[in-house]
Amino acid sequence: MTHVYRFNELSVEKQYLAGGKGGTLAFLFQKGYSVPNGFVILPSAFQHDELQPEAWEQIKDCLAALRKDYGNASFAIRSSGLAEDSAAASFAGQFDTVLNLHLDDDIKEGINTVRQSRHSREVQSYSEVKGIDACHEMSIVVQIMVQAVISGVLFTVNPVTGNRHEISGNFVLGLGEDLVSGKVNPYTFTFDRTRSIQTVPKELKRYARQLQKFGERLEKELGCPQDIEWAIANKTLYVLQSRPITTLLGYNLTTGEWNDSATGNFLWSNVNFGEAIPEVMTPLTWTVQREIYESWALLPGYPSSGNIGGRIYLNLSIYASILHSFRRSKEDILRFFEGLLYTRLPEGVDIPVIKLTKRSILKALCNLVRMVYKQRQAQKTVSTFIKSNAQYCERMQAKIKASPTNEDLILLWQRELLPHLKNTVWFVMSGVTQFSNNVMRLRRELSELVGSDDADRLISGLSSSLSIEGDSELLESLGPVLGISKIAAGQMSRTEYLRRYGHRGPNEFELSVPRPAEDPNWFEDQLKQFYTSPIDVEDILRKRQLEFKITWNRFETQYPQKAKSKRDQIKNVAGKGRIREAVRSEYVRDRWLARGFALRAGELTGLGESVFFLTLDELLDVLSGNQRVLKFIPNRKLTYQKYCSLPAYPSVISGRFDPYEWNLKPNQRRDFFDANSCDVITNVKESTMNTIVGSPGSAGRIEGIVRCIKTITEGDQLQKGEILVTSQTDIAWTPLFPRACAIITDVGAPLSHAAVIARELGIPAVLGCGNAMFRLKTGDRVLVDGGRGFVSILGKSSTRASDRFDAHE
């Protein structure tokens, strides 16, 4: 059995057995980097920490081969724990290192010393902090000792600020042990990626440009910011070690914690994403989402979306940085965000920007052109996609269930399912862009003519000018709520309902959540709620039609010369709105395919629903026979439960955000978090006022009693005529809307699902309040002004304030 591998012999399949350090060094050596030659001793070489005789013979053969190539060299013995220098933990300085060894006996003793260091008190304490099994398996690296004239450390991102355009480090003259041990004060330096000329200490000036390029190349090769140990000997720059900067990584492999706000100083928002994916995501859901959206990454090297504590956010700094590079003002950038998010950002928000090189700007512009082209191509075939996608999904579901082996399922995912999912996103992007641009422009024009309330009535009812007797032209999102009433009236069969709407349900983008078509009790629960509080949805829509006609007649009388053109614009916007909602419905149907793939993978591997706690790449690895990540699943389930226990995070986040720390401070603002400003830690002024401010969602003023609902499972508590208050909504909440006299949400925007459906049904709505669930409680009396985006608190419930706090925490 082979226990020892030279760097040039270690295969990709064996690299994980070599530990973080050994695997990386062997990989870089094989890629042609200047890595001091050596070999890796795998854990199988030891039995109860004793080096096996067979392994020692293999070690001596490797030593002899190195001496033949390099003469009477000295050797360094270093640890390579299987969790060391990984994305989860660096273990920097926790294990022993032995240097400058020549004789075989000394080398054997050095190997034993390094191996025994895995049992030290320091290692055990560090493991507990990182949540890693304290019983460490360890490989050991033996390398040619480099007699350095300069030794240093290089961080490819500023490790303190997270600034990605800064490469910083320090160095000493001679060997690096003095630097690591802190015996001497090192020289420090910083490279600015956006500048061609750098200011560095004179001792490093000769190698500065080479060192900067070296760091940038390693970061790109290894896929994340790197902490690099380097040395210069015989005028050659060597890499001695390269590991992820764990404090700047967005993901902990061991625990399943995800926090992309730690990867740099960025501005994040979930104003639109938060409604589409309102709950905490499992690892599989997030990584499938990330894989699909990879094709519309705008700025190379920076994620367009991120995962913060299990919730999805859009990286606004990318867009701000591109606009800033073209000398746009902050006001221009804020106006752009208002168009992108359909709502204004909080007053005083800091917008971190990335310093971009000319090359980065050019790449971003090329990506933008490509994205626009893709959307326009999708626009040409969107009707065909809407008509044919349901049948395609039926065929694929049958193929998934019939996949007999792991290999067949992998091929089906790679050749059919993933390409289809990636292609579908362009229909979604096209539909959203076409509708949003047209409706926002039309609303501005109509508001100037007749005011915002009448403008909203004219553009809000996307089905207002249509007959509701045949619902083929109705807004797709109204189908589920109207369908339940038709089933109750005997006008639609359950089979037909499931065929059309069985894929739509609560948290419908989360792959671990069953769809209504999978739940035999779903119909009974929906009908029970309907019979308990019957609502004539068709009557509501007829009244909405009448409101539209009255408003239109008023407009036609006032502006006869503009009537025809505006009528055409309204019809055009209505058509685009129906397309947007239809595309979204099919996009959700596609996610059901991804769920079907995951469930089949769970059947074939015996993991069941535990597959949802693997990333997409890990699931494919498990299907291929690599099961080493399965031991992390229990910890990831625990992390998922912890995330689910937290309230919804702020809809706008600037800088690094820790959801656990944020939740411990009850006076924190719930709508906005800025890590770099003390001015927004609390919001005393707002909490003492009797007004909650959000975005106008659906016009109308109404006074009523609040009903706070945290999840859709509490939906039966909403009584007819109450004001629904919740964090965010999705399609599953639609059946509740006709019961409510108004809607208030913490997350959402004027073109979000809640706004579109509320306007369609004529229900006043204020969205994106950020802290309504924190400030209101069931029983409060409020006045909702949907046209202005205000909620006035008229009277408080008699429930104790402490009860209110407990209910929302």
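Remember, it's a predicted structure, so these values are computed and weren't measured experimentally.

Engineer: So what exactly am I meant to see when it comes to the packing of helix α8 (residues 283-293) against helix α12 (residues 406-450) here?
Structural biologist: Two packed helices can be described by the angle between their axes and the distance between those axes. Close contact between α8 and α12 brings their axes to 8 Å; oriented N to C, the two are set at 70°. Considering the angle they form, α8 stands roughly perpendicular to α12. Here the hand of the crossing between α8 and α12 comes out right-handed. Facing α8, whose interface residues are V288, E291, I292 and Y293, α12 presents W413, L418, L421, K422 and V425. Of the residues contributing to the contact of α8 with α12, the split by class is seven nonpolar, no polar and two charged.

Engineer: Help me understand the nonpolar core in this model?
Structural biologist: Note that soluble globular proteins tend to have their nonpolar side chains buried in a common cluster. Core analysis: the largest hydrophobic core is formed by 93 residues, its most contacted members being W296, F337, W413 and F597. No other element matches the 12 residues that α12 contributes to this core.

Engineer: Quick question: what am I supposed to make of a positive patch on the surface here?
Structural biologist: Among the surface-exposed residues, R209, K213, K220, R359 and K363 lie close enough to one another that they form a single positively charged patch. Elements that contribute at least two residues to the positive patch include exactly α6 (208-222) and α11 (358-402). For the positive patch, the element with the most residues is α6, which contributes three residues. Tracing the sequence through the fold places K363 in helix α11.

Engineer: What's the story with the pattern of salt bridges in this structure? I'm lost.
Structural biologist: If the charged atoms of two oppositely charged side chains come close together, the side chains can form a pair. This structure, assessed with the given rule, holds 35 salt bridges. In this structure, E221 and K31 form a salt bridge, with 3.9 Å as the shortest nitrogen-oxygen distance. Residue E221 is located in helix α6, and its partner K31 is located in the loop between α1 (19-30) and β2 (38-41); the two are separated by 190 residues in the primary sequence. The exposure class assigned to K31 is partly exposed, which follows from its relative accessible area of 46%. The residue E57 makes a salt bridge to K60 at a minimum N-O spacing of 3.3 Å. Remark: K60 and E57 occur in helix α2 (residues 53-70); sequence separation between them is three residues, near one turn of the helix. On the basis of relative accessibility, which here comes to 42%, the residue E57 falls in the partly exposed class.

Engineer: How should I be thinking about unusual backbone geometry in this particular structure?
Structural biologist: Note on backbone geometry: most residues besides glycine have negative phi, and most peptide bonds are trans. With phi around 55°, N100 is a residue other than glycine that occupies positive phi space. Turning to its location among the elements, N100 is positioned in strand β6 (residues 97-101). Backbone geometry at R327 places phi at a positive 65°, although glycine is not the residue there. Tracing the backbone shows R327 in the loop between α9 (316-325) and α10 (330-341).

Engineer: Can you help me understand the packing of helix α13 (residues 452-460) against helix α17 (residues 537-558) in this one?
Structural biologist: Contact geometry for α13 and α17: axes closest at 9 Å, N-to-C directions at 125°. Relative to α17, the element α13 lies oblique. Seen from above, α13 lies across α17 with left-handed handedness. Taking contact as the criterion, the partners of D454, D456, R457, L458 and S460 in α13 are, on α17, R544, F548, T551, W552, R554 and F555. Of the residues belonging to the contact of α13 with α17, the class tally is four nonpolar, two polar and five charged.

About the criteria used
Residues numbered from 1 in each chain as written. Predicted model: local features only at pLDDT ≥ 70, side-chain atom pairs only at ≥ 80, totals over all residues. Heavy atoms only, no water. Axes fitted to C-alpha atoms, helices over the stretch in contact; angles between N-to-C directions. Helix = DSSP H or I, 4+ residues; strand = E, 2+ residues; numbered from the N terminus. Parallel < 35°, antiparallel > 145°, perpendicular 65-115°, else oblique. Left-handed = near helix turned anticlockwise from the far one by under 90°. Contact = heavy atoms within 4.5 Å. Nonpolar A, V, L, I, M, F, W, Y, C, P; charged D, E, K, R; others polar. Core = buried A, V, L, I, M, F, W, Y, C linked by side-chain atoms within 4.5 Å. Buried < 20%, exposed > 50% of the residue type's maximum accessible area, 1.4 Å probe, protein only. Patch = residues over 30% accessible without salt bridge, like charges linked within 9 Å, V, L, I, M, F, W, Y side chains within 5 Å. Areas by Shrake-Rupley, 256 points an atom, 1.4 Å probe, with all protein chains shown as cover. Salt bridge = Lys/Arg side-chain N within 4 Å of Asp/Glu carboxyl O. Lys, Arg positive; Asp, Glu negative; His and termini not counted. Charge placed at Lys NZ, Arg CZ, Asp CG, Glu CD.

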